[in-house]
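Analysis of the macromolecular model
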Amino acid sequence: MFEDVVTRIEAACLRSGRNSKDVKLVAVTKGKSIAEITQSILRHHHHVLGENRIQEWREKASGLDGVEWHFIGNLQRNKVKYCEGFFLIHSLNSTRLADALEQFGARQGHIFQTLVEVNVAGELSKQGTALTEAEALVTYAQKLRHVTVQGLMAIAPYSEDPEDARKFFKILRNLRDKLGLKELSIGMSGDFEVAIEEGATIVRVGSALFT
Ligand SMILES: *Cc1c(COP(=O)(O)O)cnc(C)c1O
């Protein structure tokens, strides 16, 4: 439920001496219909939403106005042309994708705001640049004129215990600080409170909002 998640975000902020205004909630609406999104999220005057599939997003975006959209999925280069409508792309994971964004952005006069996605635990099943290559990708993308890098994003390995995510969040936060970036997009339904304690500026919460 939306109210429960907001209450838990505020409590985590309080515990860690943070201002809840510094933590943005991206409501992840993948797999949910416009009716469900309206009922569970928009009704609470919350308009920051995240999607992970371009086609699904395009169908929803055409039916919903006034939303700040975040893209959180794996972005294929041939889909970059649809992405001008995103406030933030959380999943910049290669120089080739950066080049594709730059090329399209230059043609359209559009600047893409991005986060570099880091595969912080080195999981084979996950997208994202290797931890050892993240700095090089950030530096590369920062030189492009139509791409900005606002920060880093990661998905912690799946675990029943949210405490297991903490060490990965710390690694990502340290890297964010070292690179002098602003945003830290970490934390999902299972671990967003730990993520806030470890400095998340953006949490991406899906299932907890709808159950
Ligand atoms: C689905 C998804 C989320 C939200 O996951 P929940 O566990 O449902 O909160 C967050 N980030 C990414 C990248 C996702 O794909």
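Reading guide: rules and limits
- Residue numbers here run from 1 along each chain, matching the order of that chain's written sequence.
- Reporting of local features is limited, given that this is a predicted model, to residues whose pLDDT is at least 70; pairs of side-chain atoms are given and counted only at 80 or more, and all residues count toward the totals for whole chains, interfaces and linings.
- Values reported for side chains reflect all heavy atoms of the structure, with hydrogen atoms and water molecules removed beforehand.
- In the sections that follow, a salt bridge refers to a side-chain nitrogen of Lys or Arg positioned within 4 Å of a carboxyl oxygen of Asp or Glu.
- Secondary structure counts use DSSP, requiring at least four H or I residues in a row for a helix and at least two E residues in a row for a strand, with both numbered from the N terminus.
- Think of it in three bands: residues with accessible area under 20% of the maximum for their type are buried, residues over 50% are exposed, and the middle band is partly exposed, with areas taken using a 1.4 Å probe on protein chains only.
- In this analysis, rings of Phe, Tyr and Trp, with Trp reduced to its six-membered ring, are considered paired at centre separations within 6.5 Å, and the interplanar angle assigns stacked below 30 degrees, edge-to-face beyond 60, and tilted for intermediate values.
- Here, a charge over a ring means that NZ of Lys or CZ of Arg falls within 6 Å of the ring centre while also lying within 35 degrees of the ring normal.
- Working definition: residue near molecule or strand if any one of its non-hydrogen atoms lies within 4 Å of it.
- Any pair of N or O atoms that falls within 3.5 Å is considered a polar contact. Within protein, one atom must be able to donate a hydrogen and the other to accept it, and sequence-neighbouring residues count only if both atoms are side-chain atoms.
- The accessible surface values rely on the Shrake-Rupley method and a 1.4 Å probe; as for residues, cover is taken only from the protein chains in view.
- As used in this record, nonpolar core signifies buried Ala, Val, Leu, Ile, Met, Phe, Trp, Tyr and Cys residues forming a set joined through side-chain atoms within 4.5 Å.
- Whether two residues touch is decided by their heavy atoms; if any such pair falls within 4.5 Å, the residues are in contact.

Some points on the pattern of salt bridges
Using the criterion set out here, one finds 14 salt bridges in the structure. Taking the shortest distance from any N to any O, the salt bridge between Lys178 and Glu135 comes out at 2.9 Å. With Lys178 in helix α6 (residues 166-179) and Glu135 in helix α5 (residues 131-142), the pair connects residues that are 43 residues apart, well separated along the chain. On the accessibility criterion, Lys178 (58% relative accessible area) is exposed. Its relative accessible area of 34% is what places Glu135 among the partly exposed residues.

Observations concerning the packing of aromatic side chains
Scanning the entire structure with this criterion turns up four aromatic pairs. Centroid distance Phe71 to Phe86: 5.2 Å. Interplanar angle 55°. Geometry classified as tilted. Remark: Phe86 occurs in the loop between β3 (68-71) and β4 (88-92) and Phe71 occurs in strand β3; sequence separation between them is 15 residues. For Phe71, a relative accessible area of 1% translates into the label buried. Lys32 extends its terminal NZ or CZ atom over the ring of Phe210, reaching a point 4.8 Å from the ring centre. We note Arg58 situated over the ring of Tyr82; from NZ or CZ to the ring centre the distance is 3.9 Å.

Describing the site of the ligand
In the vicinity of the ligand, the contacting residues are Val28, Lys30, Ile72, Met153, Ile155, Met188, Ser189, Arg204, Val205, Gly206 and Ser207. Contact distances for the ligand include 2.8 Å between an oxygen atom and a side-chain N or O atom of Lys30. Contact distances for the ligand include 2.5 Å between an oxygen atom and a side-chain N or O atom of Ser189. Relative to its unbound accessible area of 380 Å², the ligand is 85% covered by the protein chains.

Quick look at the nonpolar core
Counting residues in hydrophobic clusters, the biggest one holds 62 residues, and the most contacted among them are Ile9, Leu49, Leu75, Leu101, Leu152, Val203 and Leu209. Among all residues touching Leu49, those that are not within four sequence positions of it are Val26, Ala27, Thr29, Ile37, Ile41, Leu42, Leu64, Val67, Glu68, Trp69 and His70. The next biggest cluster of nonpolar side chains, apart from the first, holds six residues, and it includes Val26, Val48, Leu88 and Met153.

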